[in-house]
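# Summary of the model geometry
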Amino acid sequence: SSHVERIPATLIAGDGIGPDITASVTTVLDALGAPFEWDKQEAGLGAFEKEGTALPEKTLESIQRTGLVLKGPLTTPVGKGFRSINVTLRQKFDLYANVRPTQTLVPGGRYENVDLVVIRENVEGLYAAMEHYLPSGNDPQAVAYGAGYNTRTECNRIVRFAFEYALKNGRKKVTLVHKANILKILSGLFLEEGRRVAAEYEGRVAVEEKIVDACAMELVVKPEQYDVMVTTNLFGDILSDLTAGLVGGLGMAPGANIGETMGLFEAVHGSAPDIAGKGIANPLALMMAGSMMLAHVGRLDLSQRLDNAMKHIIEVDGIRTRDLGGSATTEDVTQALLRAIR
Ligand code: NAD
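For every chain, the first residue of its written sequence is number 1, and the numbers climb from 1 along that sequence. With pLDDT at 70 or above as the cut-off, local features in this predicted model cover only qualifying residues; side-chain atom pairs require 80 or more to be listed or tallied, and sums for whole chains, interfaces and linings still use all residues.

Okay, the overall build of the chain next. When you go through the chain residue by residue, the secondary structure sums to eleven helices and twelve strands. Using C-alpha atoms as the atom set, the radius of gyration is obtained and then compared with a globule rule of 2.2 Å times the number of residues to the power 0.38. The C-alpha radius of gyration of the chain comes to 20 Å, within 12% of the 20 Å expected for a compact globule of 342 residues. In terms of overall dimensions, the chain has a C-alpha envelope of 60 × 50 × 40 Å along the principal axes. For the chain, buried positions account for 46% of its 342 residues. Placing a C-beta atom from the backbone of each residue, one calls two residues in contact when those atoms lie within 7 Å. Expressed as a percentage of contacts within the chain between residues at least 6 apart in sequence, the contacts between residues at least 24 apart total 73%. Put simply, DSSP H or I for four residues or longer makes a helix, DSSP E for two residues or longer makes a strand, and each gets a number counted from the N terminus. Whether a residue is buried, exposed or partly exposed is read from the other C-beta atoms within 10 Å of its own C-beta, which are placed from the backbone; 20 or more gives buried, 12 or fewer gives exposed, and intermediate counts give partly exposed.

As structure tokens, this is what we get:
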């Protein structure tokens, strides 16, 4: 309605199942009265085939202008010289925090009470992929050498983000996940800065420390014990896929990439070429990303309503797409959500 201030947001439908699931999400968000004014832009394989670039200048300008993005999955063109578009976006816009909430929504799964958030540092660490070969004897590629780096500034910023996130979202505990027993410098620096930041939040948010391997085991055995977890790039990459698997897989895993002045919201999964165009993709991961986007712009009311609607269609209506063991189509999910929010 006209009295609601519209918030410009860039919408990238993406490749494969992207157009289907973004259509589902925007339909539901619009029906919910979400304040977003969509600026539709292209990226990915579709953009590459049409315009010769996977990340057109117009798209970048739109993102720069709105600072707010809902993005479907992108297929990175295969071939030499193509960097992952997602990695490029993260670095270009300094989207330093990757936020991945995991919550049990589908009853009867392996775990009933999972409600945790993995916060992954998004720009440094071993993901910097500073690697090369070293020769030995006649073999020029006898040894693979790789390095990574963590800066004090960034470790401090990501842990601070985790504590602020905990405060804002009513969460009680932050777990610092590291491997400082072995990587005494690389991971040690993260732990050191983590402790420094944690001290500032004493009495408001609890802190604990976990070594990443033990943490992986505990996540499988007793994931209910975790609340907010914060870690460096590679560990976060692995653990957040693990946690997605705890609650129904990739079709249920949203992710946000957050910078100082920017938020990019997406599903964790890719473009799913094997089911593209079949109308059976699960739109809930991107729907949850839409809910995070609402919370990001301060519309917790609408975010909550959307979360409740998703819970309702799964628990009460029993609507499940194929990845969740059901036979509902993308459109079935959209229609069920539209009924649920009415
Ligand atoms: P994928 O996530 O696309 O698919 C893995 C499996 O999960 C497939 O069997 C797929 O059918 C299923 N799946 C994924 N999302 C689903 C959904 N919403 N509903 C039902 N089933 C779903 O991973 P992939 O096949 O390794 O990658 C395909 C392409 O996506 C690649 O080009 C890759 O680079 C890209 N990718 C993009 C992103 C992103 O844009 N954020 C993330 C990961 C992969």
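The subject of this paragraph is unusual backbone geometry. At Asp 94, a position not held by glycine, the phi torsion is positive, near 50 degrees. Tracing the backbone shows Asp 94 in the loop between α4 (85-92) and β4 (97-103). Despite not being glycine, Ala 272 shows a phi value in the positive range, around 45 degrees. With respect to the helices and strands, the residue Ala 272 is situated in the loop between β12 (263-267) and α9 (284-296). Overall, the presence of 23 C-beta atoms within 10 Å leaves Ala 272 in the buried class.

Every regular strand shows the same layout, with side chains that alternate between the two sheet faces. Burial of the side chains of strand β10 (residues 228-231) extends over both faces: Val 228 and Val 230 are buried on one face and Met 229 and Thr 231 on the other. Between any two strands, at least two bridges found by DSSP are needed for them to pair. As defined by bridge partners, strand β5 (residues 115-121) adjoins β10 across four bridges and the pair is classed as parallel. Looking across to β10, one finds that Arg 120 is bridged to Thr 231. Summarising the sheet, strand β8 (residues 173-178) and β10 pair through four bridges and their orientation is parallel. Looking at the pairing, Val 177 lines up with Thr 231 of β10.

Turning next to the environment of Tyr 165. In this fold, Tyr 165 is placed in helix α5 (residues 152-168). Classification of Tyr 165 by C-beta neighbours within 10 Å gives partly exposed; the count is 19. Here Tyr 165 is in contact with Val 99, Ile 119 and Val 228, once residues within four sequence places are set aside.

To summarise the sheet geometry, strands pair through backbone hydrogen bonds and adopt either a parallel or an antiparallel arrangement. Within the open sheet, the ten strands sit side by side as β2-β1-β3-β12-β11-β4-β5-β10-β8-β9. Their pairing is mixed. The sheet is open, and its two edges are formed by β2 (36-41) and β9 (206-211), each paired on a single side. Put simply, the sheet's adjacent strands are angled 25 degrees from each other on average, direction ignored. Relative to strand β3 (residues 68-71), strand β1 (residues 7-12) is paired through three bridges, and the arrangement is parallel. Counted as the bridge partner of Thr 10 is Val 69 from β3. Whenever a helix is involved, its axis is fitted only over the stretch in contact; in every case the axis is a line through C-alpha atoms, and angles between N-to-C directions fall within 0 to 180 degrees. Strands β8 and β9 of the sheet are contacted by helix α6 (residues 186-200), whose axis makes an angle of about 165 degrees with β8. The sheet strands contacting helix α7 (residues 212-221) are β8 and β9, and the helix crosses β9 at an angle near 105 degrees.

The next subject is α6. Residues that lie three or four places apart on an α-helix share one face, since the helix turns once every 3.6 residues. Those residues of α6 not exposed but buried are Ser 187, Leu 189, Phe 190, Leu 191, Glu 193, Gly 194, Val 197 and Ala 198. Its buried side turned inward, α6 meets α5, β8 and β9.

Looking now at the confidence of the model for the chain. Of the residues in the chain, 98% have a pLDDT of 70 or more, and the chain-wide mean is 94. As a predicted assembly, this complex carries a pTM of 0.92 together with an ipTM value of 0.97. Values of pLDDT, ranging from 0 to 100, describe the predictor's confidence in every residue of the model.

Take the number of residues in a helix, subtract one, and multiply by 1.5 Å to get its expected span. The end-to-end C-alpha distance of helix α8 (residues 233-246) is 20 Å, a good match for the 20 Å that 14 residues give at a rise of 1.5 Å each. Of the positions making up α8, those classed as buried are Asn 233, Phe 235, Gly 236, Leu 239, Ser 240, Thr 243, Ala 244 and Leu 246. For α8, the buried positions fall inside an angular range of 160 degrees around the axis, keeping them on one side. Against the buried residues of α8 lie β4, β5, β6 (125-136), β8, α7 and β10. To be clear, the arc concerns the directions from the helix axis to the C-beta atoms.

This brings us to the nonpolar core. Residues of type Ala, Val, Leu, Ile, Met, Phe, Trp, Tyr and Cys that are buried and joined through C-beta atoms within 7 Å form what is called a nonpolar core. Of all hydrophobic cores here, the largest spans 93 residues; its most connected members are Ile 119, Ala 162, Val 174, Met 229, Val 230, Ala 285 and Ala 289. Here the element with the most residues in this core is α9; it accounts for nine residues.

A few words now on the environment of Ala 142. Mapping Ala 142 onto the fold places it in strand β7 (residues 139-149). Taking the C-beta count within 10 Å as the criterion, Ala 142 has 11 such neighbours and is therefore assigned exposed. Setting aside chain neighbours within four positions, we find Ala 142 in contact with Leu 134, Pro 135, Ser 136 and Gly 137.

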